[in-house]
Amino acid sequence: MGVLKRRAFSIWTPFRRSCTAVFTTKPQSTVSSLRALCSVTESQKKEAFRQAVLNTLERRLFYIPSYKIYGGIAGLYDYGPPGCAVKANVLAFWRQHFVLEENMLEVDCPCVTPEIVLKASGHVDKFTDLMVKDEKSGTCYRADQLLKDYCKDKLEKDLNLSAEKAANLRHVLAVLDDLSAEELAAKIKEYGITAPDTRNNLSDPYPFNLMFQTSIGPSGSSPGYMRPETAQGIFVNFKELYYYNGNKLPFAAAQIGQAFRNEISPRQGLLRVREFTLAEIEHFLDPEDKSHPKFSEILNLEVLMFPREDQMSGRSARIITVGEAVSQGIVNNESLGYFIGRVYLFLTHLGIDKDRVRFRQHLVNEMAHYAADCWDAEIECSYGWIECVGIADRSAYDVRAHADKSGVPLVAYEKYPEPREVEKLVIAPSKKELGLAFKGNQKMVVEALEAMGEKEAMELKAALQAEGEAKFHVCTLDKEVIIKKDMVSISKEKKKEHQRLFTPSVIEPSFGIGRIIYCLYEHSFYTRASKDGDEQLNVFRFSPLVAPIKCTVFPLVQNQQYEEVAKKIAKSLTTVGISYKIDITGTSIGKRYARTDELGVPFAITVDSTSSVTLRERDSKQQIRVNVDEVASVVKELTDGVSKWAVIMLRYPTHSSRPSVTGDFLSYFISVKLVKLLLVEYSTLVAIPQLNDLGMTTATEDRDDVR
């Protein structure tokens, strides 16, 4: 089974591509049948590989379902010791790669957020998914997910599906995110979709807010929510951060923290959970200048990109340099392109396969109305292409929304070398007339009028002059009101200005850390045959950068001298900041290697002498001999990326499993089998005093033979 799992995953992509190339030349009926057969086979291979990964992760305690002894809760997971270590290493590298190298300002804001903040951001009203209920059991499902599953299932498994119906199903998948509640309801009824578990009828879709609601304080009078993202804490602190940065743009603020989303029906393990870690960056910049001072550093970086036009025309993702993408207008601006390049470097340095990461541009129906451009860094795993990082140009929407709601100006300024004469828009609402007309809603109407842009204001002025009144949409009331000519004065005045005030735009890269880590698990996992070839051994090929434990220390046999050397090495590793694990059990060295390979430990030190030791590299299984006093610094070089294993091998002698007849012969390599042979052949060896000192009581055999 282990061989099947390993081989199955290794042929996913080539197999899928070959199916497309060969089967498109066949008649349509044959095409459908063969493609369906191909999909089923591919699905089975992916499932087998996924189960191998998941079983290993749970068994080795990378993660487990939360509250497992009580049956667990869907969408909640606990990270065990190795999982915690991997996560900590990923976050440490994120801080180095972004916060330190880009000189960002890091903040840490509360998880509990007052309702007014999320009201301003739009989350209270619009952070929803459409939900349906099993009419008998009450079980809830995401409406769009049921429709998506139905369409995909029909396309993959229905051998008699006509070309027309297949095209219709593909169209539904393409516009799924844009369907209203009424349109989703119509499709569910048209296709006869029922509850997956019971086949009962479903209710009509209705919106369900994904935020966890709470109250702040004992009275319950101050409503709040567990934050669904970390970004709002940065936006509301813009004024203070701008001042801290010397009133200069551009600058970026970063935050790592927990976020909470009450998913309707969590699935796909760590990919869709109810509590998760986000790492978010808000890069504030002048909306009139979105260049980036370090853009030249990633100008020629080649990445796999999937622009909007290619998606709509049915073309595949293509490799293009970031510089070309920006110059051709595929990516909106330099700053957005710069972060696309930096995200790519971050993911590939972690260990994500560069051939299985792409940047997909949002379709028009996916983008928020205020966004200038949005891209997702998607990583391919056994579940398909998974969005792991969102990179969006959010314009000035968020900062302006909080300024409007709070009444605190959140602006930046540019000083002019010489005063400039400019024409300024002046909007003067008549609070008296508006108060008489709108009473309790007066404040919201005034705020909406004052927030108008120049184009909207001049259009309203023209309508008022022509008709005496005009319809005006007030966002906070979510309705149109009638504005009369005497309620507002709109004009332009010439003024001399010494500086330009503006609301900054924001480029936001948002990282789903749990999703990245899960994809890293899959990309790092493989199996290899044991020495005898009768067993498949699991291995995680983590880079030293993210490995949960950097190195293990093994006394070859249970011997006091060797254990003292092992403790000395462990102390040296601690001094240089290397995480390690000592294993002094009597288990064979091969089994100990296999156990740590399964945890992804890149290096193993085997103490087989009091003066020198062997250092083994996990994937090649090659070993070198290093002096006891040097080995910690060598491991430090390797884990810090200062030297590669190939370079280290040139500096030190390769370890041979064959014994040498010179030097500390017995202390270095003798196995019990060899000792017994020598005792039989040469009776004079019985008197050698080193035998008892070594305490050899078990066979050591070949070090990678788990038998």
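Refer to the structure printed above.
Values in this document were obtained by computation on a predicted structure and should not be read as measured data. Each chain has its residues counted from 1, following the order in which its sequence is written. At least 70 in pLDDT is required for a residue's local features to be given in this predicted model, at least 80 for side-chain atom pairs to be given and counted, and no such filter applies to totals for whole chains, interfaces and linings, which use all residues. To get the side-chain values, all heavy atoms of the structure are used, and hydrogens and water are removed first.

## What about the overall build of the protein?
A tally of regular secondary structure across the protein gives 26 helices and 28 strands. Working definition: with a 1.4 Å probe on protein chains only, accessible area under 20% of the residue-type maximum means buried, over 50% means exposed, and in between means partly exposed. Across the 707 residues that make up the protein, the buried fraction comes to 49%. The contacts in the protein between residues at least 6 apart in sequence include a share of 68% that link residues at least 24 apart. Secondary structure follows DSSP: runs of H or I at least 4 residues long count as helices, runs of E at least 2 residues long count as strands, and numbering of each begins at the N terminus. When checking whether two residues touch, look at their non-hydrogen atoms; a contact exists if any pair is within 4.5 Å.

## Section: the side chain of Thr639
Tracing the backbone shows Thr639 in helix α22 (residues 631–639). Residue classification places Thr639 among the buried residues on the basis of a relative accessible area of 12%. Pairs of N or O atoms within 3.5 Å make up the polar contacts considered here, provided that, within protein, one atom can donate a hydrogen while the other can accept it, and that residues adjacent in sequence are counted only when both atoms are side-chain atoms. From its side chain, Thr639 meets the backbone oxygen of Lys636 in a polar contact 3.3 Å long. Contact partners of Thr639, with chain neighbours within four places excluded, come to Pro544, Lys550, Ile578 and Phe603.

## Remarks on the packing of aromatic side chains
The aromatic pairing rule takes the rings of Phe, Tyr and Trp, using the six-membered ring of Trp, and pairs them if the centres are within 6.5 Å, calling planes under 30 degrees apart stacked, those over 60 edge-to-face and the rest tilted. Going through the model one piece at a time under the given rule, you end up with 27 aromatic pairs. An angle of 85 degrees between the planes, with centres 6.1 Å apart, marks the rings of Tyr242 and Tyr413 as edge-to-face. In this pair, Tyr242 sits in helix α11 (residues 238–244) while Tyr413 sits in strand β17 (residues 412–429), placing the two residues 171 residues apart along the sequence. Assessed through its relative accessible area of 29%, Tyr413 is described here as partly exposed. Ring pairs connect the aromatic residues Phe49, Phe62, Tyr521, Phe525, Phe540 and Phe542, which therefore count as one cluster. We call a charge positioned above a ring when the Lys NZ or Arg CZ atom is no farther than 6 Å from the ring centre and deviates by at most 35 degrees from the ring normal. A cation over an aromatic ring shows up here: Arg358 above the ring of Trp385, its NZ or CZ 4.3 Å from the ring centre. For the cation-ring pair, Arg616 lies above Tyr593, with the distance from its terminal atom to the ring centre recorded as 4.2 Å.

## A word on helix α21 (residues 589–597)
Of all nine residues in α21, seven are buried; the element is thus mostly enclosed. Looking at α21, one finds that the buried residues are Ile589, Gly590, Arg592, Tyr593, Ala594, Thr596 and Asp597. For α21, the elements touching its buried residues are β22 (525–529), β23 (536–540), β24 (551–555), β26 (603–607), β27 (612–617) and β28 (623–627).

## Considerations on the sheet that holds strand β13 (residues 318–321)
If you walk across this open sheet you meet the nine strands as β3-β10-β11-β21-β16-β15-β14-β12-β13, and the pairing is mixed. The open sheet has two free edges, formed respectively by β3 (105–106) and β13, since each of these has just one partner strand. Pairing between two strands requires that DSSP report at least two bridges joining them. Judged from the five bridges that link them, strand β14 (residues 357–361) and strand β15 (residues 373–381) form a sheet pairing that is antiparallel. The residue bridging Phe359 from the neighbouring strand is Ala377, located in β15. For helices, the fitted line uses only the C-alpha atoms of the stretch in contact; every axis is such a line through C-alpha atoms, and the angle between N-to-C directions lies from 0 to 180 degrees. Each of β3, β10 (251–260), β11 (275–285) and β21 (505–512) is contacted by helix α4 (residues 81–100), which is oriented at about 160 degrees to β10, the strand it contacts most. Packing against the sheet, helix α14 (residues 334–350) makes contact with β11, β12 (302–306), β14, β15, β16 (384–393) and β21, and its axis sits at approximately 145 degrees to β16.

## What to know about a nonpolar patch on the surface
Two distance rules govern patches: like charges are joined within 9 Å, and nonpolar side chains (Val, Leu, Ile, Met, Phe, Trp, Tyr) within 5 Å, applied only to residues with over 30% relative accessible area and no salt bridge. All accessible-area figures derive from a Shrake-Rupley calculation using a 1.4 Å probe, and residue coverage is judged against the displayed protein chains alone. Salt-bridge detection follows one rule: a side-chain nitrogen of Lys or Arg within 4 Å of a carboxyl oxygen of Asp or Glu. A surface patch of nonpolar side chains, amounting to about 570 Å² of accessible area, comprises Tyr67, Ile69, Tyr70 and Ile73. Mapped onto the secondary structure, Tyr70 falls in the loop between β1 (63–65) and β2 (77–79). A residue is classified by how much of its surface remains accessible, and Tyr70, at 72% relative accessible area, is exposed.

## Examining the packing of helix α7 (residues 143–157) against helix α9 (residues 181–191)
Direction vectors running N to C along α7 and α9 enclose 40 degrees, while the axes themselves pass 10 Å from each other. For the element pair α7 / α9, the angle class is oblique. Seen along the crossing, α7 lies across α9 with a hand that is left-handed. Contacts from Ala143, Asp144, Leu147 and Tyr150 of α7 reach α9 at Leu184, Lys187, Ile188 and Tyr191. Put simply, Ala, Val, Leu, Ile, Met, Phe, Trp, Tyr, Cys and Pro go in the nonpolar bin, Asp, Glu, Lys and Arg in the charged bin, and everything else, Gly too, in the polar bin. Looking at the contact of α7 with α9 residue by residue, the classes come out as six nonpolar, no polar and two charged. In these notes the angle categories are as follows: under 35 degrees is roughly parallel, over 145 is roughly antiparallel, 65 to 115 is roughly perpendicular, and the rest is oblique. Note: crossing handedness is left-handed where the near helix turns anticlockwise from the far helix by less than a right angle, and right-handed where it turns clockwise.

## Structural notes on the side chain of Ser524
Tracing the backbone shows Ser524 in helix α19 (residues 513–524). The class of Ser524 is buried, set by a relative accessible area of 3%. Once residues lying within four places of it in the same chain are set aside, the contact partners of Ser524 are Val539, Phe540, Arg541 and Phe542.

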